[in-house]
Amino acid sequence: MNLKPGDPILVLTGAGISKESGLDTFRDADGIWAKHDLADVATPDGFRRNPALVLDFYNARRRQLTEQDVQPNAAHRALAALERTWPGEVLLVTQNIDDLHERGGSANLIHMHGELLKARCLDTGSVFDWRDDITLDSRSPASGQSGGLRPHIVWFGEMPIEMDRIYDALMTCRLFVSIGTSGHVYPAAGFVQQASMAGAWTVELNLEASSGHGLFDEAIHGPATELVPAFVDRLLAHVDAA
Ligand code: BJW
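Residues numbered from 1 in each chain as written. Predicted model: local features only at pLDDT ≥ 70, side-chain atom pairs only at ≥ 80, totals over all residues. Heavy atoms only, no water.

**Student:** Would you mind going over the sheet that holds strand S8 (residues 201-206) with me for this structure?
**Tutor:** Strands pair in a sheet through their backbones, by hydrogen bonds, and they do so in one of two ways: parallel or antiparallel. One open sheet accounts for 6 strands, arranged S3-S2-S1-S7-S8-S9; its pairing is parallel. Looking at which strands have only one partner, the edges of the open sheet turn out to be strand S3 (109-111) and strand S9 (218-221). Adjacent strand axes in the sheet meet at a mean angle of 15° when their direction is disregarded. Two strands pair when backbone bridges link them, and strand S7 (residues 175-179) and S8 are joined in this way by 5 bridges, in the parallel orientation. (Pairing = 2+ DSSP bridges. Helix = DSSP H or I, 4+ residues; strand = E, 2+ residues; numbered from the N terminus. Axes fitted to C-alpha atoms, helices over the stretch in contact; angles between N-to-C directions.)

**Student:** Please clarify how empty space enclosed by the protein should be interpreted in this entry.
**Tutor:** Here the idea is plain: a probe the size of a water molecule rolls over the atoms and shows the empty space left. Across all of its chains, the model carries 1 cavity of 30 Å³ or more by this definition. Of the volumes computed, that of the largest cavity is approximately 40 Å³. Around the largest cavity, the lining residues are Val11, Leu79, Leu82, Val177, Ile179, Leu205, Val228, Phe231 and Val232. Among the elements of the structure, helix H5 (74-85), S7 and helix H9 (224-241) are those that each provide at least two residues to the lining of the largest cavity. Looking at the lining of the largest cavity, the element that brings in the most residues is H9, giving 3 residues. Per-class residue counts for the lining of the largest cavity are 9 nonpolar, no polar and no charged. (1 Å grid on protein atoms, 1.4 Å probe; cavity = no way out; pocket = protein on both sides within 12 Å on 5 of 7 lines; lining within 4 Å. Points joined across faces, edges and corners; volume = space filled by probe spheres on them. Nonpolar A, V, L, I, M, F, W, Y, C, P; charged D, E, K, R; others polar.)

**Student:** Whenever I open this one, the environment of Asp168 confuses me. Can you help?
**Tutor:** Here Asp168 is to be found in helix H7 (residues 163-172). For Asp168, a relative accessible area of 53% translates into the label exposed. (Buried < 20%, exposed > 50% of the residue type's maximum accessible area, 1.4 Å probe, protein only.)

**Student:** So what exactly am I meant to see when it comes to the nonpolar core here?
**Tutor:** Burial of nonpolar side chains together is a common tendency in soluble globular proteins. Within the largest apolar cluster, 24 residues are counted, with the highest numbers of intra-cluster contacts made by Ile179 and Val228. The set of elements that each furnish at least two residues to this core consists of strand S1 (9-13), H5, strand S2 (90-94), S7, S8 and H9. A per-element tally of this core places H9 first, with 7 residues. Once residues lying within four places of it in the same chain are set aside, the contact partners of Val228 are Ala75, Ala78, Leu79, Ile179 and Leu205. Core analysis: the next-biggest nonpolar cluster, separate from the first, contains 23 residues, Phe47, Val70, Leu100 and Leu116 among them. (Core = buried A, V, L, I, M, F, W, Y, C linked by side-chain atoms within 4.5 Å. Contact = heavy atoms within 4.5 Å.)

Take a look at the structure:
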């Protein structure tokens, strides 16, 4: 890896980074898609067909995040330390809808698939902080309509958030690190090729080889709470040596 202190870094995270905090991944054997049909709970059609089912699915996940003792782990905290210490931009793009990166201390962060603790007005598209259940009767603060809210989540077939900013960062980063994602969902699964074509060194840190592991310059496999702090230490050694 030919990286200089100050070179821009882009980190992509997925559900695997929050697994050791107690949140399920999607495609592992015990994952969310083993218990729920994604066409029912994670598509605009599913929401049109049965909004109560979709709201319940996200209400339960929101309650788990706010009521159970779900805390950021060593991997979330290590990425925050990287952002604080690296003498250049560290942009964190997460596919996760939990708030564990923020609570771990990260600030330069894009939630490309939305946020569990936000709600969106169906009429105006305005987005609000929202920690309670969303029900069929919840009133939108923007339109005043009862039943006028949906979770602020990017479902299949919808455009992920802040894609222009992400593509700009993919073109300029010198290091691209993908953590805890299976590489099945686009456009995130294609980021490694875009960063690589733009000249970045690319690294996968994942429990097991992802579907696109062969596209990375380097792939290290194991639990995020071990791999990420060790990798951040390795990067920060560049700063100490400079
Ligand atoms: C550990 C670990 C530990 C376990 N330590 N690791 C080609 C090009 C473009 C689009 C498409 C395309 N083909 C199809 C599409 C459309 C579609 C898509 O990708 N479908 C595929 C299934 C084929 N994509 C879309 O519709 C997206 N929108 C879109 O494409 O708009 C048009 C567009 C075109 C071109 C440019 C830009 C835009 C929207 C996707 C929305 C995804 N939504 C979900 C659900 C909502 C959020 C929620 O409910 O939480 O987002 S699906 C679900 O998958 C969720 C996740 O964010 C996402 C990714 O999952 P992730 O994070 O990778 O989890 P897993 O479970 O798959 O993997 C976990 C990994 O962790 C595993 O590898 C484990 O081994 C590992 N792990 N423990 C480290 N301790």
